[in-house]
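Given next are the chains, with one letter for each unit.
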Amino acid sequence: MLAALVVSLAAPAAAQAHRIRLTAPAQFDVSIAQVRYAVPHGPRPALRLALAGPTGLDYVAVALPRHQPKRAVVALVAVVNRRPRGSQAPDLAQVVFSTRPSRAMRAPTVTQATNVLAASPAAAPAACALGALTVGDLRFALRAGASPPGFGARSTIVQALDAACGRAVDPAFRAAVAPPALPAPSPRPIPCPPCPPLPPGDPHIVCPRPALAVCPERA
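In this text the structure is predicted, and so the values were computed from the model without any measurement.

(A) Main features of the state of the cysteines. For the structure shown, the criterion picks out one disulfide. The disulfide bridge from C128 ends at C165, spanning 2.0 Å between sulfur atoms. What sets the handedness of the C128 and C165 disulfide is the S-S torsion sign, and at about -105 degrees it is left-handed. With C128 in the loop between β7 (109-113) and β8 (138-144) and C165 in the loop between α2 (153-164) and α3 (171-177), the pair connects residues that are 37 residues apart, well separated along the chain. Per residue, the accessibility class of C128 equals that of C165, and both read buried.

Below, the structure written as structure tokens:
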């Protein structure tokens, strides 16, 4: 019995999954969130991430910084609203996913900035403390949905973080997330009425059809 008790005390506690709910962005915009686990002692745990609900027309990208903050493990999540122009599909209110550390940890702290392309947040989100990141600074973890054309999971997170922190955003990313509206089609010209019949011997006049559709008159 004593041996069984010792084994029981030495066994690590089962890691608990934590459900994360993020506010989804408006159409043609992006949200960026930081999921931060405090690691007061011991090595950093590995994280398993999985979607725990529908994503609709949104694109979800998750990555982990290769250089983690001291005594913490952090994941970055970007959500892009990819509902096309003219679509009547409803936007999701939130995107839900789960995290499961490789050992028992307290629930993470989640901070988020929403609709960062429309306007920079009044206060810099906690993720800005990571500094300016490049694609090479991130380790891919998860993606779902159709990405903005020309941008993958890590580059989407980099651009979303730059927008949230007030840094310059690649114009190509803005155009990929919010494609410009197509110009209205030009009105069809009014057909020119038939030319009046000409007396014999007069030169033949062809009735033109320019944009203004002005039919010439015989002198």
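Moving on from the model shown.
(B) Main features of the sheet that holds strand β4 (residues 58-65). Judged by pairing direction, the sheet is antiparallel, and its five strands sit side by side in the order β7-β2-β5-β4-β8 without closing on themselves. Strand pairing shows two members of the sheet lacking a second neighbour, β7 and β8, which therefore form its edges. Strand-to-strand twist in this sheet, taken as the mean axis angle between neighbours without regard to direction, amounts to 20 degrees. The strands touched by α2 are β2 (30-38), β4, β5 (72-81), β7 and β8; relative to β4, the strand with the most contacts, the crossing angle is about 85 degrees.

(C) Fine view of the packing of aromatic side chains. Tallied over the entire structure, the rule returns one aromatic pair. On the numbers, 5.1 Å between centres and 75 degrees between planes, the contact of F151 with F173 is edge-to-face. Pair noted here: F151 is in the loop between β8 and α2 and F173 is in helix α3, with a separation of 22 residues, a long-range link. A residue is classified by how much of its surface remains accessible, and F173, at 0% relative accessible area, is buried.

(D) Just the pattern of salt bridges, in detail. Scanning all chains against the criterion turns up two salt bridges. Among the salt bridges present, the one from R83 reaches D91, with a minimum N-O distance of 2.7 Å. Taking the relative accessible area as the measure of exposure, D91 reaches 35% and is therefore partly exposed. Between R167 and D162 there is a salt bridge; the shortest N-O distance is 2.8 Å.

(E) Quick peek at the environment of A15. Relative to the assigned elements, A15 resides in the loop between α1 (2-10) and β1 (18-23). A sequence separation of 87 residues divides A15 from S102, and the C-alpha atoms of the two residues are 6.1 Å apart. The contacts of A15, once residues within four sequence positions are left out, are R100, P101, S102, R103 and A104.

(F) Seen up close, α2. In this model, α2 (twelve residues) spans 17 Å end to end at C-alpha, consistent with the 16 Å of a helix rising 1.5 Å per residue. Where burial is concerned, most of α2 is hidden: eleven out of the twelve residues are buried. Along α2, the positions that sit buried rather than exposed are A153, S155, T156, I157, V158, Q159, A160, L161, D162, A163 and A164. On its buried face, α2 sits against β2, β4, β5, β7, β8 and α3. The first or second residue beyond α2 is G166, which carries a positive phi of 80 degrees.

Cut-offs used in this document
- Residues numbered from 1 in each chain as written.
- Predicted model: local features only at pLDDT ≥ 70, side-chain atom pairs only at ≥ 80, totals over all residues.
- Heavy atoms only, no water.
- Disulfide = S-S within 2.5 Å.
- Helix = DSSP H or I, 4+ residues; strand = E, 2+ residues; numbered from the N terminus.
- Buried < 20%, exposed > 50% of the residue type's maximum accessible area, 1.4 Å probe, protein only.
- Pairing = 2+ DSSP bridges.
- Axes fitted to C-alpha atoms, helices over the stretch in contact; angles between N-to-C directions.
- Contact = heavy atoms within 4.5 Å.
- Phe/Tyr/Trp six-rings, centres within 6.5 Å; stacked < 30°, edge-to-face > 60°.
- Salt bridge = Lys/Arg side-chain N within 4 Å of Asp/Glu carboxyl O.
- Expected span 1.5 Å × (residues − 1).

Any link to function would need more than the numbers given here.
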